[in-house]
Amino acid sequence: MSVTYTDLESMLEARRAAQTAYEAWQEFRQWSPEDVDRLVDVLARAVAPEARRLGALAVEETGYGNVDDKELKNLFNTIAVSDWLRTVRTLGVLWRDEVTRVAGIGEPMGVVAAIIPVTNPTATVIFKTLSAIKAGNAVVHAPHPRAARCCAETARVMAEAAEAQGAPRGLIQCLVGGDLAGTQELMRHKRTAVVMATGGPAMVRAAYSSGKPTLAVGAGNVPVYVDRSRADDLDEVADMLLSSKSFDYGTACVAEQAIIVDRPIADRLRHALRSAGGYFCTWRESEALGKVLFQPNGALMVDSVGQSPQRLGELSGFQSPPETRVLLAELDSVGRDTPLSAEKLAPVLAFYVVDGADEGIRRAEEILQFGGLGHTAAVHAADPEVVTRFSRVPAARVLVDTPCLHGGIGWSCDIDPSFMLGTGSVSGSIVSDNVTALHLINIKRVAYESRPWRSITDLLDERKP
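Summed over the entire model, instances satisfying the criterion amount to 7 aromatic pairs. Ring centres of Phe280 and Phe351 lie 5.2 Å apart, and the angle between their planes is 85°; this geometry places the pair in the edge-to-face category. Taken together, the positions of Phe280 in strand E10 (residues 278-280) and Phe351 in strand E12 (residues 348-354) put the pair 71 residues apart, joining distant regions of the chain. Judged on exposure class, the residue Phe280 and its partner Phe351 are both buried. Just above the ring of Tyr22 sits the side chain of Arg191; from NZ or CZ to the centre is 4.0 Å.

Here's what the structure looks like:
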């Protein structure tokens, strides 16, 4: 592959950023844990008033999502994530066990290379900055080229706030161009300690090939099963489903992708969904919608990501009511021949009808196998036995009676708040947790002798009959 002048410029930018960040980190690592915590609070307070402006910049530059929801994503990180960070300790003595005579010491990793996706650019910059700084690290963001300006502005706001508090210049940076060559150079650079990769499959593969420790996440093709035991609450279920999937026009990978409904309540759920703003496409409309959302090889059509349901209908040659929140397509199969069964970064849901929980669980597993392994699944059921059986599906998060987006990021469920959701080894990820600042530290064990070292020879005596 030939290297262009632009590639060389972006590679040089990445090298300078990594070196500058490393030098800043060498100074920052001398800060006390208490001073680091105070800086995190300052950064959150500085960027919170800018949440709407930065969200608007993201929509303007990327063409994805809507300003109101982008603002809310930014506020989730500046308020909910930062509030949670106050409750955890990342640096210094993390614990001391007087019985085992072991203490855990949290130490920073160094320079974090933060890969930023086009779908959630400003919110992810905020999240990864707060997480990296809380862990005592420096951070260099590498944005998607289509989101380079809004990411750079978000990083600038936080960097200036940090420097005003005495933080070294270069502690928080963002590559300007968003070029792939620069991103790859940053990930491979000798000063980079760890990579946090959020993006498409190609970028995740590149991150794992960088030779650096990598926290990366997989795709989310999230199934949700609605059991007959929730028959008395279908209006609430419908509102949860549509509120989650319509948020920011479906750009969140943790949002629902497919509804699987138990046959006895299928008609009632259809009615509830229509009443809540769902539009059920005809067979021909669904076929046209699939061609608008996906290329013939199954890849997403980038210009159709994060568009309103009305815009998607227009592109597909049909018109949905102005109050439509989500488009729904009734399907009976999963796989390459059924494009709408894949992950859709748009306000579009697949809709399957099954006969009972066992068939619903099998369908959910099939959907997860088709591009969503390890991510998230959900179940709406009043029967605890159904929940127990469903929880065996291959997903790191199994959410119960809550919207997937709100539960998965740690708002409506008591799991760690995060904008980076691990998918575990089943999808090739090293982590299945909601990634936080606690994943960006090394933990040193200081251990005193707790049993006589010579007693190891007692094992020989235990072997004797």
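Moving on from the model shown.
So, on to the pairing of strand E9 (residues 256-262). Within E9, 7 of the 7 residues are buried, which leaves the element mostly enclosed by the surrounding structure. Taken together, the 5 bridges between strand E8 (residues 222-226) and E9 define a ladder with parallel strand orientation. Directly across from Val224, in E9, lies its bridge partner Ile259. One ladder, built from 5 bridges, connects E9 with E12; its direction is parallel. If you follow Ile259 over to E12, its bridge partner there is Phe351.

Backbone-to-backbone hydrogen bonds pair the strands of a sheet. The strands run either parallel or antiparallel. The strand order across the open sheet built from 3 strands is E1-E2-E15, with neighbouring strands paired in antiparallel fashion. Either end of the sheet is taken by a strand with one partner, and the two such strands are strand E1 (92-97) and strand E15 (441-447). Neighbour-to-neighbour, the strand axes of the sheet open up by a mean angle of 20°, direction not taken into account.

Moving on, we come to the side chain of Ser210. Residue position: Ser210 is located in the loop between helix H8 (201-208) and strand E7 (214-216). Relative accessible area serves as the criterion here: at 11%, Ser210 is assigned to the buried category. Looking at Ser210, its side chain comes within polar contact range of the main-chain oxygen of Ala207, at 2.7 Å. At 3.3 Å, the side chain of Ser210 forms a polar contact with the backbone nitrogen of Lys212.

About the cut-offs
- Throughout, residues of each chain are indexed from 1 in the direction in which the sequence is written.
- In view of the model being predicted, local features appear only for residues whose pLDDT reaches at least 70, and side-chain atom pairs are presented and counted only at 80 or more, with totals across whole chains, interfaces and linings using the full set of residues.
- Each side-chain value is worked out from all heavy atoms of the structure, with water and hydrogens disregarded.
- Centres within 6.5 Å make a pair out of two Phe, Tyr or Trp rings, where for Trp the six-membered ring is used; the pair is then stacked when the planes are under 30 degrees apart, edge-to-face when over 60, and tilted otherwise.
- Comment: elements are numbered from the N terminus, with helices defined as DSSP H or I runs of at least four residues and strands as E runs of at least two.
- For each residue, the accessible area found with a 1.4 Å probe, counting protein chains only, is set against the maximum for its type, and the residue is called buried under 20%, exposed over 50%, and partly exposed in between.
- Whether a charge sits over a ring comes down to the Lys NZ or Arg CZ being within 6 Å of the ring centre and within 35 degrees of the ring normal.
- In this description, strands pair whenever DSSP reports at least two bridges between them.
- Fitting a line to C-alpha atoms yields each axis, with helices limited to the stretch in contact; the angle taken between N-to-C directions then spans 0 to 180 degrees.
- Polar contact is the term for a pair of N or O atoms within 3.5 Å; when the atoms are in protein, one must be able to donate a hydrogen and the other to accept it, and sequence-neighboring residues count only if both atoms are side-chain atoms.

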